[in-house]
Amino acid sequence: MEIIKKIFKDKFARAAFIILAVLYLVILFADFIAPYSSSYSNRDMAYAPPSKIYTIDENGKFSLPYTYNYIRKYDSNLMQTVFKQDRSKKYYIKIFPKAEKYKFLGLIPTSRHLFGVEKGGQIYLLGTDINGRDVFSRLLFGGRISMTVGFLALFVVFPIGLLYGGISGYLGGIVDTLMMRFAEATMAIPSFYLLIILAAILPSGMTSVQRFALIVVILALIGWAGFARVVRGMVLSIKEEDYVQAERVMGASKLRIILKHILPQTTSYVIIAMTLSVPSYILAESGLSFLGLGIQQPDASWGNMLKEAQEFTNILYRPWLLTPGALIFIAVLSFNLLGDTIRDILDPKSEVRR
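Residues numbered from 1 in each chain as written. Predicted model: local features only at pLDDT ≥ 70, side-chain atom pairs only at ≥ 80, totals over all residues. Heavy atoms only, no water.

### Some remarks on the pattern of salt bridges
Thinking step 1. Using the criterion set out here, one finds seven salt bridges in the structure.
Thinking step 2. Residue E58 pairs with K90 through a salt bridge whose shortest N-O separation is 3.0 Å. Highlighted residues: E58 in the loop between β1 (54–56) and β2 (62–67) and K90 in the loop between β4 (80–85) and β5 (91–95), separated in sequence by 32 residues.
Thinking step 3. A salt bridge links R232 to D176, with the shortest nitrogen-to-oxygen separation between them at 2.6 Å. With R232 in helix α9 (residues 224–238) and D176 in helix α6 (residues 173–187), this residue pair connects regions lying 56 residues apart in the sequence.
Thinking step 4. A relative accessible area of 6% means that D176 is categorised as buried. (Salt bridge = Lys/Arg side-chain N within 4 Å of Asp/Glu carboxyl O. Helix = DSSP H or I, 4+ residues; strand = E, 2+ residues; numbered from the N terminus. Buried < 20%, exposed > 50% of the residue type's maximum accessible area, 1.4 Å probe, protein only.)

Okay, structure coming up:
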């Protein structure tokens, strides 16, 4: 709680913390917040622009929020498809309407959503993609993968790195030398290219869940070595402390000393490293999915959603497709700001305090 209080004293860290909290709450309740399911598609509305929401009617008076459906037409003068509003009928925005069925938090069957429109209406807050899928809804579902991949990888990286570095530093000698040479060999592997190679040779018939799990494992297996080296350096100094020497004299086993007395002293660094490591995993997953080697369509992640925006015409005429990139930028920046502040709070040697 003391760390939270200090974080909130820094305006940038406070903003980053709030942004990340909102992002995780939104993706947690994505089924409820999203007006459409992850499988929704309306090919007739491919590349439809964001819906315009009105609060003032045609007579200039305040009204309940409403929108109009789009009509897709081909403009022979422009030689392209255009979308025009069908002004013949208003569709009022409703709170907690019944729509597609889902399980709230994966447990409770319901059909209530946070918002929607009257029956027959369509609302696309951030437009649609090439398959007529609601970009806003897919951003929420895609965030579940992009924003959790880092934490899942950390559950593999940090236990391995802590134990490996702790054993290496405490035992020292030839064991330390051999273990560190292996860690350095692992660090020498060009991680991003390895990810591309491994992701490319994965069986094409794999589901996105299986592919997602493998991406997490791959990220973890090449990310532990650098962390283990730092832990090893910390252990080399900690093991000379008096309380560790006393425990050794009392006959405690080496594993007990490492797990109970040495590794807990690295807690501050672990917290800092975890916070600063998550952005790299988010970027790695997004990069793989952007290249078509990560999460595959029709399942959504911010990376494979951003892939559609790489075409110049989409950047120019359909800027809403760039939204996933903006969210990746915001999430990574927030993690870095938060991690930087936590480092200043927990590092007693830091001279710079926010």
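### Description of the sheet that holds strand β8 (residues 115–117)
Thinking step 1. Taken together, the four strands give an open sheet; going across it, the order is β1-β2-β5-β8, and neighbouring strands pair in antiparallel fashion. On the outer flanks of this sheet lie β1 and β8, each paired with one strand and no other. When strand polarity is set aside, the average angle formed by the axes of neighbouring strands in this sheet is 45°.
Thinking step 2. In terms of strand pairing, β1 meets β2 through two bridges, oriented antiparallel. Looking at the pairing, I56 lines up with F62 of β2. (Pairing = 2+ DSSP bridges. Axes fitted to C-alpha atoms, helices over the stretch in contact; angles between N-to-C directions.)

### Quick word on the packing of aromatic side chains
Thinking step 1. Considering all chains together, one arrives at 17 aromatic pairs under this definition.
Thinking step 2. Each ring, one from Y36 and one from Y40, has its centre 4.1 Å from the other, and the planes form 20°; the classification is stacked. Note on accessibility: Y36 and Y40 belong to one class, buried.
Thinking step 3. Each member of the aromatic cluster is reached from another via a ring pair, and the members are F29, F32, F96 and F104.
Thinking step 4. Between the NZ or CZ atom of K90 and the centre of the ring of Y66, over which it lies, the distance is 4.7 Å. (Phe/Tyr/Trp six-rings, centres within 6.5 Å; stacked < 30°, edge-to-face > 60°. Lys NZ or Arg CZ within 6 Å of the ring centre and 35° of its normal.)

### Some words on the side chain of S51
Thinking step 1. One can find S51 in the loop between α3 (30–33) and β1.
Thinking step 2. Using a relative accessible area of 10% as the deciding quantity, one classes S51 as buried.
Thinking step 3. Those residues in contact with S51 that sit more than four places away from it in its chain are T67, Y70, Q122, I123 and Y124. (Contact = heavy atoms within 4.5 Å.)

### Let's talk about the pairing of β2
Thinking step 1. Hairpin connection of β1 to β2: five residues between the antiparallel strands, including G60 at a positive phi of 80°.
Thinking step 2. Bridge count for β2 against β5 is two bridges, and the pairing is antiparallel. Within the sheet, the bridge partner assigned to Y66 lies in β5 and is Y92.

### Examining unusual backbone geometry
Thinking step 1. Even without being glycine, Y47 reaches a positive phi, approximately 60°.
Thinking step 2. Counting through the fold element by element, Y47 comes out in the loop between α3 and β1.
Thinking step 3. The backbone of L105 shows a phi angle near 55°, a positive value even though the residue is not glycine.
Thinking step 4. Mapped onto the fold, L105 is located in the loop between β6 (98–104) and β7 (108–112).

### Points about the nonpolar core
Thinking step 1. Membership of the largest hydrophobic core comes to 66 residues, with the highest contact counts inside it found for M147 and W302.
Thinking step 2. In terms of residues, this core owes the most to one element, helix α15 (residues 323–346), which gives nine residues.
Thinking step 3. Beyond its immediate sequence surroundings of up to four residues, W302 is in contact with L139, G142, G143, S146, M147, P324, L327, I328 and A331.
Thinking step 4. Ranked by size, the runner-up nonpolar core spans 19 residues in total, among them I33, Y40, F115 and L140. (Core = buried A, V, L, I, M, F, W, Y, C linked by side-chain atoms within 4.5 Å.)

### Some remarks on the packing of helix α1 (residues 2–9) against α15
Thinking step 1. As a packed pair, α1 and α15 sit with axes 10 Å apart at the nearest point and diverge in direction by 120°. Here α1 lies oblique to α15, going by the angle between them. The chirality of how α1 crosses α15 is right-handed. Mapping the contact onto sequence places I3, K6 and I7 in α1 and L338, I342, I345 and L346 in α15.
Thinking step 2. Residues of the contact of α1 with α15, tallied by class, amount to six nonpolar, no polar and one charged. (Parallel < 35°, antiparallel > 145°, perpendicular 65-115°, else oblique. Left-handed = near helix turned anticlockwise from the far one by under 90°. Nonpolar A, V, L, I, M, F, W, Y, C, P; charged D, E, K, R; others polar.)

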